[in-house]
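# Coordinate inspection notes
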Amino acid sequence: MGAQIDLNADIGERFGHWHLGDDVDAELMALITSANLAAGFHAGDPSVIDASLVLAQRHGVAVGVHPGFGDLVGFGRRHIDASAAELVNDVLYQLGAVAALAARRGLALHHLKLHGALFMHAARDQPFAELLVEALLQAAPGLPLYCLPDSALTRAARTGGVKVVREFYADRDYSRDGSIVFVRRVPRLDPEAVADKVLTACSEGVVASVDGERVEVEFESICLHSDTPGALEIARAVHRRLTAAGIRLAAV
Amino acid sequence: MARLLLNCDMGESFGNWRIADEAPAMALVDQANLACGFHAGDFSVMAQSVRLAVEHGVSIGAHPGYPDLQGFGRRAMEMRIDEVTDLLLYQIGALDAFCRANGTQVDYVKPHGALYHAIYQRAEMLDAALRACRLYREGLPLMTLAVADRAPVLAAAEAAGVPVLFEAFADRAYLADGRLSPRSRADAVHKDPERIVAQALAIARGEAFDDIDGQPMQLAADTLCVHGDNPQSRAVLARLRAALEAQ
């Protein structure tokens, strides 16, 4: 692991007059180096997206598009049994929308990261992963993909020659095999313990699994889930710890 | 004369986005106006809100709005008059299905936001709303703003064969004609609990209170719209309830 790492979070998950919990976007934006902007299908309306772009610009944060399933009620967390072709169109549609709003602010998209159930679908479903990579090579050549390491999308991207940014999940537990223990509701975590875990992962390339094993991890970006309880405190602790250790925070 | 009732807009969460816990306010109101999915409230929120209202013995009203989640139904939309009737029927029917599943029914219809305002501002919109109520069920009342001159509303309602519930506001300043003062004016919303309770009691007793220009005005109403989405508004709500019950 080099002495530089990216810190990403999902941003702009409001919709109309609704916002999530404490809505710490403005504070988070000061700490992260890349932001995944909800693109309207599971959260984020056009004015929310634009507000997030302006905020990202002010803080010099790289902006990525965060496409999800078309499911506002379910917040993109429920799988929808759509064909690979339909889903690729959904992704391109959302990418185009955020890219247009970004261009108006003089910003170019830095990356694409799928959201929620669509992220998991691309990690598992090889036909979708391959069709998506093929489409992105045409529609957005050179756009990096934030992926789950060792996933269908990572493999398809590598085969297609698309740059992959692998993530480390600061606020999730790891299994012995290096996979993430996915939970519906994340408990309130100790920010300092998360910071310890992140620093160890960055400097030694290992993480302690839930059953106490040392598991090797390779990644270029740290993902902080903005809806984890106490997300802001976690982000502050991680930022403080990495900076103190001389690790430079910068987008990939 | 019946006590002035208290009604509150509720069921305004949507999916992952949650509005504050509504149970405390539900314990204090007589009527719950439940969002029907178009401007707020998804199917699960509707089901939960109906159950909560039934548990507290609160009368349920449909609170239909324009199909505008993003704008929370607060933006005026251009719509044909026949579409407005269909828009209302659709949402009343949807909420009533949840009511029936819980052994109750929609007791009245109170349109939401920009649609609410259009109904007391334009006669053809009032007619469209009255038509929806009459088509849905005989005797289903429409809740609308208690304006100073009720005669045109009552005439239209009588022609349509629909009962009307007139609604007043204790925390809003009024213009002389009984319309709500626009929120763009700094003094449009009363913040002082004393003033809110005093205005409520004046309306309950049929006495005069000050309009936004300090002139005396009188409004007759059947129900008072209240808010209960934060501790401050709930404290005022509890005081209002006690004051009205002491009448």
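Above this text is the structure in question.
Residues numbered from 1 in each chain as written. Chains lettered and ligands numbered in written order. Predicted model: local features only at pLDDT ≥ 70, side-chain atom pairs only at ≥ 80, totals over all residues. Heavy atoms only, no water.

## Section: the overall build of chain A
The criterion, for reference: Counting from the N terminus, the helices are the DSSP runs of H or I reaching at least four residues and the strands are the DSSP runs of E reaching at least two. Within these notes, the globule rule equals 2.2 Å times the number of residues to the 0.38 power, and the radius of gyration is based on C-alpha atoms. Partly exposed describes any residue whose relative accessible area lies between the buried limit of under 20% and the exposed limit of over 50%, with all areas from a 1.4 Å probe on protein chains only and scaled to the type maximum. By the convention used here, residues are in contact when the closest approach between their heavy atoms is within 4.5 Å. All tallies of charge rest on Lys and Arg as positive and Asp and Glu as negative; His and the ends of each chain are not included. Think of each charge as sitting on NZ of Lys, CZ of Arg, CG of Asp or CD of Glu.
The secondary structure content of chain A amounts to eight helices and 12 strands. Scaling as 2.2 N^0.38, a compact globule of 252 residues should have a C-alpha radius of gyration of about 18 Å, and chain A matches this with 17 Å. Dimensions of chain A along its principal axes, counting C-alpha atoms only, are 40 × 35 × 30 Å. Among the 252 residues that make up chain A, the fraction classed as buried is 54%. In chain A, once contacts between residues fewer than 6 apart in sequence are set aside, the share between residues at least 24 apart is 75%. Of the charged side chains in chain A, 23 are positive and 32 negative, and the gap between their average positions amounts to 3 Å.

## Considering the pattern of salt bridges
Keep this limit in mind: Put simply, a salt bridge is a Lys or Arg side-chain nitrogen that is within 4 Å of an Asp or Glu carboxyl oxygen.
All chains considered together, the criterion is met by 31 salt bridges over all chains. The partner of A:Arg166 in a salt bridge is A:Glu218, and the shortest N-O contact between them spans 2.9 Å. Here A:Glu218 lies in the loop between strand S10 (214-216) and strand S11 (221-224) and A:Arg166 lies in strand S6 (residues 164-169), a separation of 52 residues in the sequence. Residue A:Arg166 is classed as buried on the basis of its relative accessible area, which comes to 16%. We classify A:Glu218 as exposed; its relative accessible area is 52%. As a salt-bridge pair, B:Asp9 and B:Lys110 come within 3.2 Å of each other at their nearest N and O atoms. Of this pair, B:Asp9 sits in strand S1 (residues 5-10) while B:Lys110 sits in the loop between strand S4 (108-109) and helix H4 (113-121), and the two are 101 residues apart along the sequence. A relative accessible area of 3% places B:Lys110 in the buried class. Put simply, A:Glu192, A:Asp196, A:Arg240 and A:Arg241 are held in one network by salt bridges that share partners.

## Quick look at the packing of helix H4 (residues 116-124) of chain A against helix H5 (residues 126-139) of chain A
All names here are of chain A. Applied cut-off: Axis definition: a line fitted to C-alpha atoms, over the contacting stretch in the case of helices. Angles run 0 to 180 degrees between N-to-C directions. Should an angle fall under 35 degrees it is called roughly parallel, over 145 degrees roughly antiparallel, and 65 to 115 degrees roughly perpendicular, with every other angle called oblique.
The contact between H4 and H5 brings their axes to 6 Å, and the two run at 100 degrees. Here H5 runs roughly perpendicular to H4, going by the angle between their axes. When H4 is examined against H5, the residues Leu 118, His 121, Ala 122 and Arg 124 are found in contact with a partner set consisting of Gln 126, Phe 128 and Ala 129.

## Concerning unusual backbone geometry
Even without being glycine, A:Asp150 reaches a positive phi, approximately 55 degrees. Here A:Asp150 is to be found in the loop between strand S5 (145-147) and helix H6 (152-160).

## So, helix H2 (residues 43-55) of chain B
Residues and elements named next belong to chain B. Formally: Given a helix with a known number of residues, its expected span is that number minus one, times 1.5 Å. Residues adjacent in sequence count toward polar contacts only when both atoms are side-chain atoms; beyond that, a polar contact is any pair of N or O atoms within 3.5 Å, and within protein one must be able to donate a hydrogen and the other to accept it.
For H2, built from 13 residues, the straight-helix expectation of 18 Å at 1.5 Å per residue is met to within 8% by its first-to-last C-alpha distance of 18 Å. Looking only at H2, the buried set comprises Val 45, Met 46, Ala 47, Ser 49, Val 50, Leu 52 and Ala 53. Packing partners of the buried residues in H2 comprise helix H1 (23-26), strand S2 (31-35), strand S3 (59-63) and helix H3 (81-101). One side-chain oxygen of the residue at the start of H2 lies 2.7 Å from the amide nitrogen of Ser 44, identifying that residue as Asp 42. Gly 57 occupies a position one or two residues after H2 and carries a positive phi of about 65 degrees.

## What to know about the pairing of S1(B)
Residue and element names in this part refer to chain B. Test applied: Pairing between two strands requires that DSSP report at least two bridges joining them.
Here four bridges tie S1 to strand S9 (residues 223-226), and the two strands are oriented parallel to one another. When the bridges of S9 are listed, Cys 8 appears paired with Val 226. Here S1 pairs with S2 via four bridges, running parallel. In the sheet register, Met 10 faces S2, and the bridge partner there is Leu 34.

## Notes on the interface of chain B and chain A
Rule in force here: Summed over both partners, the accessible area (1.4 Å probe) lost when two parts come together is defined as the buried area. Each residue is assigned to one class: nonpolar for Ala, Val, Leu, Ile, Met, Phe, Trp, Tyr, Cys and Pro, charged for Asp, Glu, Lys and Arg, and polar for all the others, Gly among them.
Contacts between the two partners involve 14 residues from chain B, matched on the other side by 16 residues from chain A. For the pair chain B and chain A, the summed buried surface comes to about 1,300 Å²; carbon and sulfur atoms form 70% of the total. Interface area lost by chain B to chain A is led by B:Asn16, B:Trp17 and B:Gln70, which between them contribute 58%. Taken together, the links from chain B to chain A amount to zero salt bridges. Scanning the region where chain B abuts chain A turns up two residue pairs in polar contact (both at pLDDT 80 or more). When the residues that make up the side of chain B that touches chain A are grouped by side-chain class, the tally is seven nonpolar, five polar and two charged.

## Considerations on the packing of aromatic side chains
Keep this limit in mind: Two rings from Phe, Tyr or Trp (for Trp, the six-membered ring) form a pair when their centres sit within 6.5 Å of each other. Planes less than 30 degrees apart are called stacked, planes more than 60 degrees apart edge-to-face, and all others tilted. We call a charge positioned above a ring when the Lys NZ or Arg CZ atom is no farther than 6 Å from the ring centre and deviates by at most 35 degrees from the ring normal.
A full pass over the atoms with the stated rule returns 11 aromatic pairs over all chains. Measuring from centroid to centroid gives 6.4 Å for A:Trp18 and B:Trp17, while their planes differ by 25 degrees, and the two rings are stacked. Highlighted residues: A:Trp18 in the loop between strand S1 (4-11) and helix H1 (25-29) and B:Trp17 in the loop between S1 and H1, drawn from two different chains. Grouping residues by exposure puts A:Trp18 and B:Trp17 together as buried. Measuring from centroid to centroid gives 5.6 Å for A:Phe41 and A:Tyr93, while their planes differ by 50 degrees, and the two rings are tilted. Here the residue A:Phe41 occupies a position in the loop between strand S2 (34-38) and helix H2 (46-59), and A:Tyr93 occupies one in helix H3 (residues 84-104), the gap between them amounting to 52 residues. Relative accessible area serves as the criterion here: at 59%, A:Tyr93 is assigned to the exposed category. Grouping aromatic residues by their ring pairs yields a cluster made of A:Phe15, A:Trp18, A:Phe75, B:Phe14, B:Trp17 and B:Phe72. Lying across the ring of A:Phe119, A:Lys113 places its NZ or CZ 5.8 Å from the centre. When the ring centre of B:Tyr116 is taken as reference, the NZ or CZ atom of B:Lys110 above it lies at 5.6 Å.

Fair warning: the whole summary comes from geometry, so function is off the table for now.
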